[in-house]
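# Chains, contacts and geometry: an overview
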Amino acid sequence: MRICSAMSEFFVPVRVYLEDTDAGGIVYYVNYLKFMERARTELLRQMGSEFGELYRQGLQFVVHSVDAQYRKPAQADDELQVSARVEKIARTYILFHQQVRKGDDLMCEARIKVACISATKLKPAPIPSELQQQFADVSA
C-alpha cells in the first residue's frame, strides 16, 4: 500500500471487494473500521514502527472507543481513499480522525481513540516517548 501525506493527513487506497459487502452489494458497516485500521497500521509503518516491535517492548495498541458516522454507501469494486490524521496525543492514548472517501464523496468518518496498554497486564501504559514524538511530528 502506498501512503500519501498532505497537511498531516495520510491516505491509503482501498479497493472494495465483494467479501467487504453485504447481500445487497453495499459495504458492511464494520468493514469501514477495518479500512481505517489499515490506514493507522500503515501510518505507524510509515513512521518506522510496527506492531511487532511494540509487542516486543511489552506494549500493544487497542481501540478504546469509536464514534463513527456513515454518510453514503460504498459498493463492490469502488476505489476508496482512507485517511488517518492524529488529532490528539496523550500519555496513554492517541485520538485519530479518519475518513473514507470515494472521490470527493465522504462515505464514512470516525474519531477513534487508540490506547497503549501493557501486553502482559492489559492495563494502560505510557506511549514510548520516541513514538509520541513521531506521532507529534506527523500531526504538525
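Rules behind the numbers
- Residues numbered from 1 in each chain as written.
- Predicted model: local features only at pLDDT ≥ 70, side-chain atom pairs only at ≥ 80, totals over all residues.
- Heavy atoms only, no water.
- Core = buried A, V, L, I, M, F, W, Y, C linked by side-chain atoms within 4.5 Å.
- Buried < 20%, exposed > 50% of the residue type's maximum accessible area, 1.4 Å probe, protein only.
- Helix = DSSP H or I, 4+ residues; strand = E, 2+ residues; numbered from the N terminus.
- Contact = heavy atoms within 4.5 Å.
- Salt bridge = Lys/Arg side-chain N within 4 Å of Asp/Glu carboxyl O.
- Phe/Tyr/Trp six-rings, centres within 6.5 Å; stacked < 30°, edge-to-face > 60°.
- Lys NZ or Arg CZ within 6 Å of the ring centre and 35° of its normal.

With that settled, consider the nonpolar core. Y32, L43, F61, V100, L131 and F135 are the most contacted members of the largest nonpolar core, which totals 34 residues. When contributions to this core are tallied by element, the ones reaching two or more residues are β2 (9-15), α1 (29-46), β3 (59-70), β4 (79-89), β5 (93-102), β6 (105-118) and α3 (129-139). Excluding residues that lie within four positions of it along the chain, F61 makes contacts with F51, L54, I94, V114, A115, C116, I127, L131 and F135.

What follows is about the environment of R56. Checked against the element boundaries, R56 lands in helix α2 (residues 51-56). Expressed as a C-alpha distance, the spacing of R56 and A119, which sit 63 residues apart in the sequence, is 9.2 Å.

Along the polypeptide, L131 turns up in helix α3. Between the alpha carbons of L131 and A90 there is a distance of 12 Å; along the sequence they are 41 residues apart.

Below, the discussion takes up the pattern of salt bridges. Applying the stated criterion to the full structure yields nine salt bridges. Where D78 meets K102, a salt bridge forms, and the shortest distance between an N and an O atom there is 3.2 Å. With a gap of 24 residues between them, D78 in the loop between β3 and β4 and K102 in strand β5 connect regions that are remote in the sequence. For R111, the salt bridge identified is with E87, shortest N-O distance 2.9 Å. One end of the pair, R111, is in strand β6; the other, E87, is in strand β4, and 24 residues separate them in sequence. A residue is classified by how much of its surface remains accessible, and R111, at 36% relative accessible area, is partly exposed. What makes E87 partly exposed here is its relative accessible area of 31%.

Take the packing of aromatic side chains next. Applying the stated rule across the entire model yields six aromatic pairs. Ring geometry for F61 against F135: centres 6.4 Å apart, planes inclined by 85°, an arrangement best described as edge-to-face. Placement of F61 in strand β3 and of F135 in helix α3 is noted, with a sequence separation of 74 residues between them. Taking relative accessible area as the criterion, F135 reaches 3% and is therefore assigned buried. Over the aromatic face of Y93 sits the side chain of K113, whose NZ or CZ is 4.2 Å from the ring centroid.

Interpretation in functional terms is not warranted from these geometric data alone.
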